[in-house]
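Summary of the model geometry
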Amino acid sequence: MGSPARDADDRKRHGRHYTPPELADFLARRVLAHLPHPGPDGTLRVLDPACGDGELLLALHRAAARTSPGLRFAAIGYDLDQEALDRARARAADEDVDADWHGGDFLTAAAGLAERRFDAIITNPPYVRVQRLGAETARLLSREFGLRGRIDLTHPFVALAPRLLRTGGVLGLLCANRFLTTKAGANIRAVLSRDLPPVEIYDLGDTKLFAAAVLPAVTIAVHAGTGASCRHVSACRHVSAYEAPHAHPSSTADLFDALLADAPSLVARNGRTYAIEVGTLAAGTPVRPNPSTRSPDRPAATESSWRMSSPDREAWLAEVADRTWRTFGELAPVRVGVKTNADEVFIAEDWERRTPCPEPELLRALLTHRDLRPWRVERAANTRVLYPYDVTAAQRTPVDLDDFPSAATYLRSHRARLAARTYLTGGGRRWFEIWVPQRPDRWRAPKIVFPDISERARFALDRSGAVVNGDCYWISLADLDGSACAAEYVAQLLMGVANSALGLRFYDTVCGNRLYSGRRRWITQYVSRLPLPDPNGEPARRIAALVADLVDGSREADDSAGQLLDELVATAFGVG
Ligand SMILES: C[S@@+](CC[C@H](N)C(=O)[O-])C[C@H]1O[C@@H](n2cnc3c(N)ncnc32)[C@H](O)[C@@H]1O
C-alpha cells in the first residue's frame with residue numbers, strides 16, 4: 001500500500017475519481033432512455049474507455065436488466081490501472097455480466113477498435129490538467145485529436161466518441177461542468193455540436209454528488225442525432241430566494257427525481273437546500289443592437305459558452321439587450337492582476353525584516369482579494385510586491401539591477417529558485433522578472449479592482465497606484481478615456497451595474513459558472529459580457545451619483561443604498 005500522499009498524487013495524475021453508485025445509476029438510466037433499440041442482433045454493445053473498477057458498465061447492466069430483461073449485454077472496459085481492472089473483473093463475475101476488461105492507454109488502443117460498433121459509451125473520463133500532462137504530451141494530444149488551447153485529458157476521450165458509436169448510439173458522459181462555460185471547453189462543445197448533439201445536460205454544480213475537486217455535469221448525447229432541442233437542468237446550493245425565483249419549495253423530493261421533473265424545485269439533501277432549475281440548452285448571449293441576434297444561438301456556436309434558456313430568461317435578456325449601450329468588454333480590457341510564480345520571493349508583508357530589504361522604490365503596495373469591499377479598498381495587511389519594472393514604461397521594461405543594489409542582493413540570494421522558471425528565461429526574459437507583470441504604466445491611473453472569486457461582485461475603486469495581485473482583476477480608467485463619456489463617470493456606471501442585483505442575475509443567466517457555496521468567478525471572459533445602460537439617461541446619472549457617494553464614503557453601503565442601487569439599475573435597463 002502506498003502512502004496517503006502518494007495515493008492522492010497518483011489519483012490526481014491519472015484522474016482517478018470513481019463515480020458514486022447513485023450517480024452511476026442516474027447516468028445509466030439516462031443513457032438507456034435515449035437508446036430504444038439495441039444493435040441489430042439484439043445485443044447491447046457498450047464501452048467505458050476509462051472504466052476504473054467497472055461501476056458505470058455494471059450500473060448500465062443493472063439498469064438494462066430492469067427495463068429490458070433478456071437483453072444481451074456485451075461490455076468492454078479499458079483502464080490503465082490493473083488493480084482496478086481486477087476488481088472490475090471480479091465484480092462482473094459476481095453479477096454475471098459479459099464483459100472484456102483491457103489494461104492499457106485507451107487513447108492508443110482506440111486506433112485498433114472497429115469503428116462505429118458501440119450502441120453506447122458510458123464514461124467518466126480522467127480529468128487531468130495540461131500542467132500535469134506536460135507540454136509535450138499536451139501538444140501531441142492536441143495535434144492528434146484536433147484540440148485547441150488548454151486541454152485536459154477529458155477532451156481526447158470525448159473527441160474519440162463519434163468514431164466509436166453507431167449512428168443513433170448514445171454517449172453518457174460525466175465530466176467537469178467547466179466545459180459548458182470555459183474557453184478551453186470549446187473543444188468538447190465543438191465535438192458535441194458537430195457529431196454528438198446533446199439531448200440532456202445536468203449541471204450538478206456544488207451538489208457534492210461527486211467527490212472530485214471539480215464540479216460535475218452529466219451529458220447525454222446522440223451520435224448523428226437531430227439536435228432539435230436539449231433539456232438543460234442545473235442544480236446548485238440555494239443561497240438566497242432571489243437566485244431561483246421560480247422554484248417551488250419541495251423538501252421531500254429526491255434530488256435525482258427532481259432532476260427529471262419538468263418544473264423547477266428546491267430539494268433538501270444532507271442538511272442543505274439545492275435549487276433545481278429546468279430549461280433548454282442555448283449558446284451565446286442575446287446582444288444589442290441587432291434584433292436578429294436576440295434569440296439564443298443554436299449550440300453550434302462553440303466559441304460561445306453554453307447556458308440554460310427558458311422563455312422567462314430569454315424575455316428578460318432581450319429586455320436588457322434592448323437597453324444595453326455597451327458591454328464592459330467593449331469599453332476597456334479586463335485584465336488579471338500580476339502573477340509572479342514565486343510569491344514567497346516577490347510578495348511579503350514583512351519586507352523590513354528581510355535582509356537586505358530591497359529599495360522602497362521597487363516595493364509597491366499590492367491589492368489582494370482580502371483588501372476589496374464593494375466600492376472601496378480597505379487594506380487588510382500591508383502586503384507589498386517587489387516589482388522590478390520601470391513603471392513609467394508602457395511595455396514591460398525590467399529595471400537595471402545595478403541601480404538597486406539591495407534588491408539585486410536580495411534577488412540573487414534567491415537566484416536558483418527564480419532561474420528555475422525556465423519557461424520565463426527560455427522566452428528571453430530576465431531571471432529576476434515576474435511571470436505576468438501587466439502594463440507597468442497603468443498602475444498609477446485610477447482603476448476598478450475586483451476579486452476573481454467571490455459570491456457577489458466586489459468592484460472597488462482604487463486611486464492609490466497599487467499593483468493588483470493575480471487573485472483579482474482590474475479595469476484601468478486610463479483605458480476608458482476616449483469613450484463617449486468621462487472615464488470616471490463610466491467607471492461609476494460599471495461598478496454600479498456589477499455590484500447590483502441585475503449584474504448578479506445577468507452573470508448567473510449568461511455565465512453561470514458557480515463554484516462551491518454559490519461563489520462565482522469574476523474573470524475577463526464573464527465580466528466582459530456584463531451590460532452598461534445608456535450613460536445619458538436619468539437613471540444612469542443617478543446610479544453614477546450614488547456610486548460616487550458610496551466610493552468616497554459620504555454614503556454608507558447599507559441595505560437601503562443597496563436597494564436604491566438595485567432599483568436604479570433595473571430602471572436603467574427597463575426591467576422589474
Ligand atoms: C474518473 S476515473 C473513472 C473510473 C470509473 N469509470 C468510474 O466512473 O468510477 C478515470 C479512470 O481513468 C483511468 N485512466 C486515466 N488515463 C487513462 C488512459 N489514458 N486510458 C485508460 N484509462 C485511463 C484512471 O485509471 C481512472 O480509473
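Small disclaimer: the values here were computed from a predicted structure and weren't measured.

To continue, consider the overall build of the chain. A tally of regular secondary structure across the chain gives 22 helices and 24 strands. In the chain, which comprises 576 residues, the share counted as buried stands at 54%. In the chain, once contacts between residues fewer than 6 apart in sequence are set aside, the share between residues at least 24 apart is 74%. A total of about 24,600 Å² of accessible surface is found on the chain, and carbon and sulfur atoms cover 50% of it.

To continue, consider the confidence of the model for the chain. Regions with low pLDDT should not have their predicted coordinates read in detail. Overall, the predicted model of the chain reaches an average pLDDT of 89, with 89% of residues at or above 70. Between residues 289-302, whose pLDDT stays under 50, and residues either more than four places distant or in other chains, the model counts 30 contacts.

As a further point, take the packing of aromatic side chains. Per the counting criterion, the structure on display carries 16 aromatic pairs. Ring centres of Tyr 387 and Trp 443 lie 6.4 Å apart, and the angle between their planes is 80°; this geometry places the pair in the edge-to-face category. Placement of Tyr 387 in the loop between strand E17 (384-386) and helix H14 (405-412) and of Trp 443 in the loop between helix H16 (422-425) and strand E18 (447-451) is noted, with a sequence separation of 56 residues between them. Residues Tyr 387 and Trp 443 agree in their burial class; the two are buried. Ring plane angle 15° and centroid distance 6.3 Å describe the contact between Phe 450 and Tyr 473, whose orientation is recorded as stacked. Taken together, the residues Phe 450 in strand E18 and Tyr 473 in strand E22 (residues 472-476) connect sequence positions 23 residues apart. We classify Phe 450 as buried; its relative accessible area is 0%. An aromatic cluster of at least three residues, connected via ring pairs, comprises Phe 450, Phe 459, Tyr 473, Tyr 507, Trp 522 and Tyr 526.

Let's shift gears to the pairing of strand E5 (residues 165-176). The side chains of a regular strand alternate between both faces of the sheet. Counting buried positions over the twelve residues of E5 gives nine, a clear majority of the element. With five bridges joining them, strand E4 (residues 118-123) and E5 adopt parallel strand pairing. Bridge pairing links Ile 121 to Leu 171 in E5. Taken together, the seven bridges between E5 and strand E7 (residues 216-222) define a ladder with antiparallel strand orientation. In the strand pairing of E7, Val 170 is matched with Val 222.

The end-to-end C-alpha distance of helix H22 (residues 559-572) is 20 Å, a good match for the 20 Å that 14 residues give at a rise of 1.5 Å each. Taken together, the buried positions of H22 are Ala 561, Leu 565, Leu 568, Val 569, Ala 570 and Ala 572. On its buried side, H22 packs onto helix H18 (487-498), helix H19 (501-511), strand E24 (531-533) and helix H21 (538-552). Positive phi appears at Gly 574, one or two residues downstream of H22, with a value of about 65°.

Within the largest apolar cluster, 56 residues are counted, with the highest numbers of intra-cluster contacts made by Phe 328, Ile 448, Phe 450, Phe 459, Leu 480 and Leu 532. By residue number, the principal contributor to this core is H18, which donates nine residues. When residues of this core are sorted by domain, at least three fall in each of domain 3 (306-333 + 480-573) and domain 4 (335-476). For Phe 450, the residues in contact, after removing those within four places along its chain, are Val 334, Leu 372, Arg 458, Phe 459, Cys 472, Tyr 473, Trp 474, Ile 475, Trp 522 and Val 527. In terms of nonpolar packing, the next biggest core, distinct from the first, is built from 47 residues, Leu 204, Val 222, Ala 235 and Val 267 among them.

Right, let's get into the environment of Pro 216. By the element assignment, Pro 216 lies in strand E7. According to the relative accessible area criterion, Pro 216 is buried, its value standing at 4%. Expressed as a C-alpha distance, the spacing of Pro 216 and Asp 203, which sit 13 residues apart in the sequence, is 6.6 Å. Other than its neighbours up to four places away in sequence, Pro 216 contacts Leu 174, Cys 175, Ala 176, Asn 177, Tyr 202, Asp 203, Leu 204, Gly 205 and Phe 210.

So, about the packing of H18 against H21. Describing two packed helices takes the angle between their axes plus the distance from one axis to the other. At a minimum axis separation of 8 Å, H18 and H21 run at an interaxial angle of 85°. Viewed along their axes, H18 and H21 adopt a mutual orientation that is roughly perpendicular. Residues Tyr 489, Gln 492, Leu 493, Met 495 and Gly 496 of H18 form the contact with H21, whose participating residues are Ala 540, Arg 541, Ile 543, Ala 544, Val 547, Ala 548 and Val 551.

This part takes up the sheet that holds strand E16 (residues 363-367). Through backbone hydrogen bonds, the strands of a sheet pair up, either in parallel or in antiparallel fashion. Pairing is mixed in the open sheet, where four strands are placed in the order E15-E17-E16-E21. Single-partner strands in this sheet number two, and they are strand E15 (347-348) and strand E21 (467-468). Alignment of E16 against E21, held across two bridges, turns out to be parallel. Note on E21: the bridge partner recorded for Leu 366 is Val 467.

Rules of the game
Residues numbered from 1 in each chain as written. Predicted model: local features only at pLDDT ≥ 70, side-chain atom pairs only at ≥ 80, totals over all residues. Heavy atoms only, no water. Helix = DSSP H or I, 4+ residues; strand = E, 2+ residues; numbered from the N terminus. Buried < 20%, exposed > 50% of the residue type's maximum accessible area, 1.4 Å probe, protein only. Contact = heavy atoms within 4.5 Å. Areas by Shrake-Rupley, 256 points an atom, 1.4 Å probe, with all protein chains shown as cover. pLDDT = per-residue confidence, 0-100. Phe/Tyr/Trp six-rings, centres within 6.5 Å; stacked < 30°, edge-to-face > 60°. Pairing = 2+ DSSP bridges. Expected span 1.5 Å × (residues − 1). Core = buried A, V, L, I, M, F, W, Y, C linked by side-chain atoms within 4.5 Å. Domains from an automatic or database assignment. Axes fitted to C-alpha atoms, helices over the stretch in contact; angles between N-to-C directions. Parallel < 35°, antiparallel > 145°, perpendicular 65-115°, else oblique.

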